[in-house]
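Listed here are the chains, written in short residue letters.
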Amino acid sequence: MKMMNDDTLLFIGDSVTDAGRDRLDPADLGQGFPLLISAYLQTLFPEKRLAILNRGIGGDKLSDVKNRWEEDCLDLNPDIVTLLIGINDTWRSQESKHIATEAEMEGFESDYRFLLKSLLQRTDARVILMEPFVLPYPKDRVNWRKDLDQRIQIVRKMAKEYQTELIPLDGLLNAQGIKNSFSYYTGEDGVHPTLAGHGLIAKAWINAIVEKKML
């Protein structure tokens, strides 16, 4: 994906993207993978004067992102949009011991399609979709797979339908977790990345989008 001079890159999603950013400061990138990617890109392309924005909000489900899509995405007229969302839809279902129905999954797909369709209609943005993910530590996270796997398949379907970039985070993080321990990448809840987890996400993004090895 070619980056142009003065491109605006937007990262949007839930707490994984939010990573503790100061929401009162629109320029704050938090302490996670958007910050790591920004540091790398600004080092690699100082002449491009890239603008990099973080609009992740902890706790958001897909419907929450949809509700703020106008203000936090379309109004910013970004050139490159990276979207990571879906784990909280699974998390809330698990907390309430609710098994998502076929109709609810169809609603998830419809909302996801709305985001991408509106981007296509209203901007010239290049789009990067990242799979939501969960690692099997603690062990009960294994029970999340049935729900989350369906959402991951929807993200993959949308990537194909809208010809976006796709970063398969679920497989990448689980593969590294098998090698180095799951908690090394997502701490005690299987979802929120440690510094190593954020580093792995940033490396995957850079390798896929910039096509240069970060490490």
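Everything below is about the structure shown above.
Residues numbered from 1 in each chain as written. Predicted model: local features only at pLDDT ≥ 70, side-chain atom pairs only at ≥ 80, totals over all residues. Heavy atoms only, no water.

Asker: I would appreciate a short explanation of the packing of aromatic side chains in the present structure.
Answerer: We describe a pair of aromatic rings using the distance from one ring centre to the other and the angle between the two ring planes. Taken as a whole and judged by the stated rule, the model has 5 aromatic pairs. Relative to Trp 144, the ring of Trp 91 lies with its centre 5.1 Å away and its plane at 55°, an arrangement referred to as tilted. Of this pair, Trp 91 sits in helix H5 (residues 87-95) while Trp 144 sits in the loop between strand E4 (126-130) and helix H7 (145-162), and the two are 53 residues apart along the sequence. Of the two residues, Trp 91 and Trp 144, both sit in the buried class. Summarising the aromatic geometry, the rings of Tyr 184 and Tyr 185 are spaced 5.0 Å apart at their centres and angled 90° between planes, so their arrangement reads as edge-to-face. The structure contains a cluster of three or more aromatic residues connected by ring pairs, namely Phe 11, Phe 33 and Trp 205. Lys 48 extends its terminal NZ or CZ atom over the ring of Phe 45, reaching a point 5.5 Å from the ring centre. The ring of Phe 114 has Lys 66 lying over it, and the distance from NZ or CZ to the ring centre is 4.9 Å. (Phe/Tyr/Trp six-rings, centres within 6.5 Å; stacked < 30°, edge-to-face > 60°. Helix = DSSP H or I, 4+ residues; strand = E, 2+ residues; numbered from the N terminus. Buried < 20%, exposed > 50% of the residue type's maximum accessible area, 1.4 Å probe, protein only. Lys NZ or Arg CZ within 6 Å of the ring centre and 35° of its normal.)

Asker: Can you walk me through the nonpolar core in this structure?
Answerer: Generally speaking, soluble globular proteins have nonpolar side chains that are buried together. Grouped together as the largest cluster of nonpolar side chains are 37 residues, with contacts concentrated most on Met 3, Leu 9, Phe 33, Leu 41, Leu 169 and Trp 205. Listing elements by their share of this core, those giving two or more residues are strand E1 (8-13), helix H2 (33-44), strand E3 (80-84), H5, E4, H7, helix H8 (169-180) and helix H10 (195-209). Those residues in contact with Leu 169 that sit more than four places away from it in its chain are Leu 84, Met 130, Glu 131, Phe 133, Ile 201 and Ala 204. With 25 residues, the next largest nonpolar core counts Leu 10, Tyr 112, Ala 125 and Leu 129 among its residues. (Core = buried A, V, L, I, M, F, W, Y, C linked by side-chain atoms within 4.5 Å. Contact = heavy atoms within 4.5 Å.)

Asker: I tried to follow the environment of Asp 25 on my own but got confused; where do I start?
Answerer: Relative to the elements of secondary structure, Asp 25 occurs in the loop between helix H1 (15-18) and H2. Separated by 112 residues in sequence, Asp 25 and Tyr 137 place their C-alpha atoms 34 Å apart.

Asker: When you look at H2 in this model, what are you seeing that I'm missing?
Answerer: Every α-helix carries 3.6 residues per turn, so stepping three or four residues along brings you back to the same face. With 12 residues, H2 should cover 16 Å at 1.5 Å per step; its first-to-last C-alpha distance of 16 Å lies within 8% of that length. Along H2, the positions that sit buried rather than exposed are Phe 33, Pro 34, Ile 37, Ser 38, Tyr 40 and Leu 41. Of the surrounding elements, those touching the buried residues of H2 are E1, H1, strand E2 (51-56), E3, E4 and H10. (Expected span 1.5 Å × (residues − 1).)

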